[in-house]
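Observations on the model geometry
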Amino acid sequence: DSGVTQTPKHLITATGQRVTLRCSPRSGDLSVYWYQQSLDQGLQFLIQYYNGEERAKGNILERFSAQQFPDLHSELNLSSLELGDSALYFCASSAGFTGYTFGSGTRLTVV
Amino acid sequence: GNSVTQMEGPVTLSEEAFLTINCTYTATGYPSLFWYVQYPGEGLQLLLKATKADDKGSNKGFEATYRKETTSFHLEKGSVQVSDSAVYFCALGNAGGTSYGKLTFGQGTILTVHP
């Protein structure tokens, strides 16, 4: 157990739908990052939050949004889903020099 | 912007063979460099890191040296085991070894080790 918890592990949904992925960071980590892993794009950085505030944005689509709550857990919302959104979505957390810790990911399949 | 290029895979080796996975990078400033490993069905695990030029990261028999002059961070292991079969990612992060800020990943290299 890495200490970063992601739920659900698997998600199957239809095109056009909306889903929410959840991440609980390692205890004490203030930063949360979301990454998308797909066969054609590899690992792409989506967004970072630090202590509730958006810190950096990467290749995140406008249909996607995220937030970090006061208890530091984070949610990634994906809407108007398309087949191409099928991927593994990873959350990672970090605190200073202790390094990044990744969760085991949520596998999203859009059918 | 920052980018990381890994050698094309997949790589297939026999047990006890020598492993090299090449990684080169493009970055401004003085980034930190990482190797992550992903076993089937799992998330990424930090394998080793180096935060400044000429640093050598090492873990579980794997080594990589931060070469600023060649902008490289090649992963090596003297004798691989079947249990090393996984996907290996080279990554680049912020300068100074801090863990704030995104990581830029290479495309990953699939390693398969046969008995």
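Data block above holds the structure.
The structure contained in this document is the topic of the report that follows. Note that the coordinates shown come from a computational prediction; the quantities given were computed from them, not determined experimentally. (Residues numbered from 1 in each chain as written. Chains lettered and ligands numbered in written order. Predicted model: local features only at pLDDT ≥ 70, side-chain atom pairs only at ≥ 80, totals over all residues. Heavy atoms only, no water.)

So, on to the overall build of chain A. For chain A, the count of helices and strands is zero helices and eleven strands. For chain A, the succession of helices and strands along the chain, N to C, is β-β-β-β-β-β-β-β-β-β-β. On C-alpha atoms alone, chain A measures out to a radius of gyration of 13 Å, which is about the 13 Å that the 2.2 N^0.38 rule sets for 111 residues. In terms of overall dimensions, chain A has a C-alpha envelope of 40 × 25 × 25 Å along the principal axes. Per-residue burial over chain A gives 51% buried out of 111 residues. (Helix = DSSP H or I, 4+ residues; strand = E, 2+ residues; numbered from the N terminus. Rg over C-alpha atoms; globule rule 2.2 N^0.38 Å. Buried < 20%, exposed > 50% of the residue type's maximum accessible area, 1.4 Å probe, protein only.)

What follows concerns the overall build of chain B. Counting its secondary structure elements, chain B contains zero helices and twelve strands. In sequence order, the secondary structure elements of chain B are arranged as β-β-β-β-β-β-β-β-β-β-β-β. Each principal axis of the C-alpha distribution contributes one length, and for chain B these read about 45 × 30 × 25 Å. Taking all contacts inside chain B whose residues are at least 6 apart in sequence as the whole, residues at least 24 apart take part in 57%. Just so you have it, chain B exposes about 5300 Å², and 50% of that area is on carbon and sulfur atoms. (Contact = heavy atoms within 4.5 Å. Areas by Shrake-Rupley, 256 points an atom, 1.4 Å probe, with all protein chains shown as cover.)

The next point concerns the pairing of strand β6 (residues 53–57) of chain A. Within a regular strand, side chains alternate between the sheet's two faces. Residues and elements named next belong to chain A. Where strand β5 (residues 42–50) and β6 come together, four bridges link them in antiparallel fashion. Residue pairing in the sheet places Tyr50 in a bridge with Glu53 of β6. In this antiparallel pair of consecutive strands, β5 and β6, the connection spans two residues, and Asn51 shows a positive phi of 50°. (Pairing = 2+ DSSP bridges.)

This part takes up the state of the cysteines. The full count for this structure, using the stated rule, is two disulfides over all chains. Sulfur-sulfur distance for the disulfide between Cys23 of chain A and Cys91 of chain A comes to 1.8 Å. Taking the sign of the S-S torsion, -55° for the link of Cys23 of chain A and Cys91 of chain A, the bridge is left-handed. Of this pair, Cys23 of chain A sits in strand β3 (residues 19–24) while Cys91 of chain A sits in strand β9 (residues 87–94); the two residues are 68 residues apart in sequence, bridging distant segments of the chain. A relative accessible area of 0% means that Cys91 of chain A is categorised as buried. Cys23 of chain B shares a disulfide with Cys90 of chain B; S-S distance 1.9 Å. Here Cys23 of chain B and Cys90 of chain B share a disulfide; its torsion about the S-S bond, -70°, makes the bridge left-handed. You can see Cys23 of chain B sitting in strand β4 (residues 23–26) and its partner Cys90 of chain B sitting in strand β10 (residues 86–95), a full 67 residues away along the chain. No difference in accessibility class separates Cys23 of chain B from Cys90 of chain B, as the two residues are buried. (Disulfide = S-S within 2.5 Å.)

A few words now on the pattern of salt bridges. Under the defined criterion, the tally for this structure stands at six salt bridges over all chains. The salt bridge involving Asp85 of chain A is made with Arg63 of chain A; its shortest N-O contact spans 2.8 Å. Of this pair, Asp85 of chain A sits in the loop between β8 (74–78) and β9 while Arg63 of chain A sits in the loop between β6 and β7 (64–68), placing them 22 residues apart in sequence. Accessibility assignment for this pair places Asp85 of chain A and Arg63 of chain A in one class, buried. Between Lys56 of chain B and Glu63 of chain B there is a salt bridge whose closest N-O contact spans 3.6 Å. According to the relative accessible area criterion, Lys56 of chain B is exposed, its value standing at 51%. (Salt bridge = Lys/Arg side-chain N within 4 Å of Asp/Glu carboxyl O.)

A few words now on the pairing of β7 of chain A. All names here are of chain A. Burial of β7 is one-sided: the residues Phe64, Ala66 and Gln68 facing one way are buried, the residues Ser65 and Gln67 facing the other way are not. Note that β7 and β8 share five bridges and pair antiparallel. Following the sheet pairing, Phe64 is matched in β8 by Leu78.

Moving on, we get to the environment of Thr26 of chain B. Residue and element names in this part refer to chain B. Mapped onto the fold, Thr26 is located in strand β4. Sequence spacing of Thr26 and Leu92 is 66 residues, and the spatial spacing of their C-alpha atoms is 9.1 Å. Setting aside chain neighbours within four positions, we find Thr26 in contact with Gly1, Asn2, Ser3 and Leu92.

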